[in-house]
Amino acid sequence: MTLFLIVVHTRLLLHTSPLWRDEVNSVYVATAPSLKEFLNSLVLDPFPILFVAVLRIWVGLGFGSSDFDLRVLGFLIGTALLGAIWVSCRMIDKERWAPLWPLAIFAFSPATLFEGDSLRAYGLGLIWIVMSFGLVWRLTFRPWRLGTAIAAAIVGLLAVQSLYLNSLILFATCFAGILVSLRRRQWWPAVVILSVGLIAALSLLPYAWIMRSAYEHLALQSEPRTISGEIPSLISSHLFSRSSVMLVCILVFSCGLITVSVPRLRQSLFASIKGGGDPLLFAVIVVLVGAIMTFGFLLGSGLHSSRYRRPLMAATSLSIHVAYTTRRKNIGLTLANLIGSGLTAAAFVPGSYHLSELRRTNCDLAAGVVAKSAGQDDLVIVTRFTHAPTFQRYYHGMAPWTSVPAVGDHLQHRGYLARAEMMNPDAIQDILLRIESKLKARHKVFLVGRFRLSELHQLPPVAIAPQSGRAWRPDDYLNLWHSQIVNLLSQHAVRVAKIALNGTEQVDAREKEEVFGFSGWKD
């Protein structure tokens, strides 16, 4: 399993793809020229300071001159996560049993691979939350040592300084350690574990003003969800079909059905649960408390991306490892564990291998084609302002360009940047007039985005967005502005041509662009 994952991580590196908009955002924050600009940019960046500090050091060492150099950092973090899983599981299991389930259902997941190797904070944050689990476990179940306590405090601090959501899982892990220690009447370990949690919590106080500022911005990224909609995507990613996830669920259900149906297996299962004792209690508390807090936060905030559930998935996979190690001497359960983890990992192989060849964006190709095709008197329009940071990074042409809507800058792409335009019923009127003037002057207009001219609809009325609450829907406005531009061009442009992009690789649908050129004017 580990060797296969190293191969996949290596393929991800060798099939170097350009940075997509989230990664461009990270590079901008990490290389901010002044401290004030750096702190201001953190408001629109959903992470604490640790990862961008690491990235800034990496660039400062001379490894930021190319996309490949930057991706080497992602590769090192992604492979280090595999090492963290092995180290944490060895801290849990003194007999050095392999971390089959953490590898199978967590490391093999395409979502973990995609986020772990990206230039975002998720990979680094997952390393520290995995290590925190193992260290808190040692504080709970092993003879107390000062070195272990110091290491747990440092790693817990690094965990919450990497990802805000790590604080929820760290709380669940420390809570489980404290309860089990009190149950075992071991007061000193409970005090030490409490101190680990408090140190991590206190380190987040400087971010209070950032969290307050980001709360209103969060409304522009929220989308109502239900628990039934959240749970199936816990181990999946919207980048891939859910066939692998369905297969995993079927396998787990089948194994469970067989276990409770066969008397001998059922007796072994109940005996293992009864004999699990405090270790099993620790694992159950971590999963239950972590799930309640994570899903509660995500449902309350309206965030639903699979990346936000990675810390919970890491803790869950380690908890499954704990549950297995409580009865590892049972030959039947050992065999079931080997088969189940192997089949689970195999279910993820197609998606994981496909990911290693996936281009994360083709915006660089679009920018290159437009730079060659557009003259200095032409106009280039990126139809979604959220894609503009990537286009800006790779566009080196002479023609002026703008995004829809025309926000203040294209260094970050958060929905909050378009808030003023969302409240303006004539938000893109200037862009429409520029298109008209360019075509009438016999110049060309290039659109970078995805659309079909055959989709002509009557423009729906859209209410002005509220200034607060959870009713913000940027996509509704982007679709409206898109329709206005397409209708104008389809009614008045004389000629339209789709410009082919070089490259045959599959592209992530989140940032897959097309380029169309328009010329001439008809009334």
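As a reminder, the structure under discussion sits directly above these lines.
Notes on the structure in this doc start here. Model, not experiment: these values are computed from the prediction. Note that residues are indexed from 1 along each chain, following the sequence as it is written. Under the rules for a predicted model, residues below a pLDDT of 70 receive no local features and side-chain atom pairs below 80 are neither given nor counted, while totals for whole chains, interfaces and linings still include all residues. Only hydrogens and water are set aside when side-chain values are computed; all heavy atoms of the structure are taken into account.

## As for the packing of helix H4 (residues 50–63) against helix H5 (residues 67–92)
Selection criterion: Simply put, an axis is a line fit to the C-alpha atoms, just over the touching stretch for a helix, and the angle between two N-to-C directions goes from 0 to 180 degrees. Comment: elements are numbered from the N terminus, with helices defined as DSSP H or I runs of at least four residues and strands as E runs of at least two. Here roughly perpendicular refers to angles of 65 to 115 degrees, roughly parallel to angles under 35, roughly antiparallel to angles over 145, and oblique to all remaining angles. It is the rotation of the near helix from the far one that decides the hand of a crossing: anticlockwise by less than a right angle makes it left-handed, clockwise makes it right-handed. We call two residues contacting when some pair of their heavy atoms lies within 4.5 Å. In the scheme used here, Gly and all other residues not listed as nonpolar or charged are polar, with Ala, Val, Leu, Ile, Met, Phe, Trp, Tyr, Cys and Pro taken as nonpolar and Asp, Glu, Lys and Arg as charged.
For the pair H4 and H5, interaxial distance at closest approach is 10 Å and the crossing angle is 130 degrees. By the angle class used here, H4 and H5 are oblique. Classified by chirality, the crossing of H5 by H4 is right-handed. Listed contacts from H5 to Phe51, Val54, Leu55, Trp58, Val59, Gly62 and Phe63 of H4 are Asp69, Leu70, Val72, Leu73, Leu76 and Ile77. Tallied by class, residues from the contact of H4 with H5 come to eleven nonpolar, one polar and one charged.

## Re helix H8 (residues 122–141)
Spelled out, the test is: One less than the residue count of a helix, multiplied by 1.5 Å, gives the span that helix is expected to have. Throughout this description, buried means an accessible area under 20% of the type-specific maximum (1.4 Å probe, protein chains only), exposed means over 50%, and partly exposed covers the range between.
The end-to-end C-alpha separation of H8 is 29 Å, in line with the 28 Å expected for 20 residues at 1.5 Å each. With respect to burial, H8 is a largely interior element, 18 of its 20 residues being buried.

## A few points about a nonpolar patch on the surface
The following threshold applies: Residues enter a patch when their relative accessible area is above 30% and they make no salt bridge; the linking distance is 9 Å between like charges and 5 Å between nonpolar side chains (Val, Leu, Ile, Met, Phe, Trp, Tyr). Note that accessible areas follow from Shrake-Rupley with a 1.4 Å probe, and for residues the cover is restricted to the protein chains shown. Each salt bridge in this description consists of a side-chain nitrogen of Lys or Arg and a carboxyl oxygen of Asp or Glu lying within 4 Å of one another.
On the surface, Trp144, Leu146, Ile150, Ile154, Trp188 and Val191 cluster together into a nonpolar patch covering about 600 Å² of accessible area. Elements represented by at least two residues in the nonpolar patch include exactly helix H9 (146–160) and helix H11 (187–202). Broken down by element, the residue count for the nonpolar patch peaks at three residues, all from H9. By the secondary structure assignment, Ile154 is in helix H9. Under the relative-accessibility criterion, Ile154 is labelled partly exposed at 46%.

## Describing the packing of aromatic side chains
Note the threshold: The pairing test for Phe, Tyr and Trp rings, Trp by its six-membered ring, is centres within 6.5 Å, and the orientation test on the planes gives stacked under 30 degrees, edge-to-face over 60, and tilted for anything in between. As a reminder, the over-ring test applies to NZ of lysine and CZ of arginine, requiring each to be within 6 Å of the ring centre and within 35 degrees of the ring normal.
Summed over all chains, the structure comprises 14 aromatic pairs. Geometrically, the ring pair formed by Trp137 and Phe141 is tilted, given 4.1 Å between the ring centres and 35 degrees between the ring planes. Of the two residues, Trp137 and Phe141 are both situated in helix H8; the distance of four residues between them amounts to about one turn of the helix. A residue is classified by how much of its surface remains accessible, and Trp137, at 4% relative accessible area, is buried. Relative to Phe282, the ring of Phe141 lies with its centre 5.9 Å away and its plane at 75 degrees, an arrangement referred to as edge-to-face. Note that Phe141 is positioned in helix H8 and Phe282 in helix H15 (residues 263–301), a separation of 141 residues in sequence. Comparing Phe141 with Phe282, the two get one shared label, buried. Pairwise contacts between aromatic rings join Phe133, Trp137, Phe141 and Phe282 into one cluster. When the ring centre of Phe114 is taken as origin, the NZ or CZ atom of Arg360, which lies over that ring, is 4.5 Å away.

## Let's talk about the pairing of strand E1 (residues 379–382)
The line we're drawing: Here, a strand pair is defined by DSSP locating no fewer than two bridges between the strands. Handedness rule for crossovers: strands pointing away from the viewer, path from the first strand over the helix to the second running clockwise, crossover right-handed.
Burial along E1 is two-sided: the face carrying Leu379 and Ile381 and the face carrying Val380 and Val382 are both buried. Of the pairings in the sheet, the one linking E1 to strand E3 (residues 445–449) comprises four bridges and is parallel in character. Across the sheet, Ile381 pairs through a bridge with Leu447, a residue of E3. Pairing geometry for E1 and strand E2 (residues 401–403), over three bridges, is parallel. By the bridge assignment for E2, Val382 is matched with Ser403. Remark: the E1/helix H19 (residues 388–394)/E2 crossover connection has right-handed handedness.

## Considerations on the sheet that holds E2
The pairing of strands in a sheet happens through backbone hydrogen bonds and is either parallel or antiparallel. The five strands are arranged E2-E1-E3-E5-E4 in an open sheet whose pairing can be described as mixed. At either margin of the open sheet sits one strand with a lone partner, and together these are E2 and strand E4 (495–499). Averaged over all adjacent pairs, the angle separating strand axes in this sheet is 20 degrees, with direction ignored. Contacts from helix H18 (residues 363–373) reach E1, E3, E4 and strand E5 (514–519), with the element oriented near 175 degrees to E3. The strands that helix H21 (residues 429–440) touches are E1, E2, E3 and E5; relative to E1, the one it contacts most, it runs at about 145 degrees.

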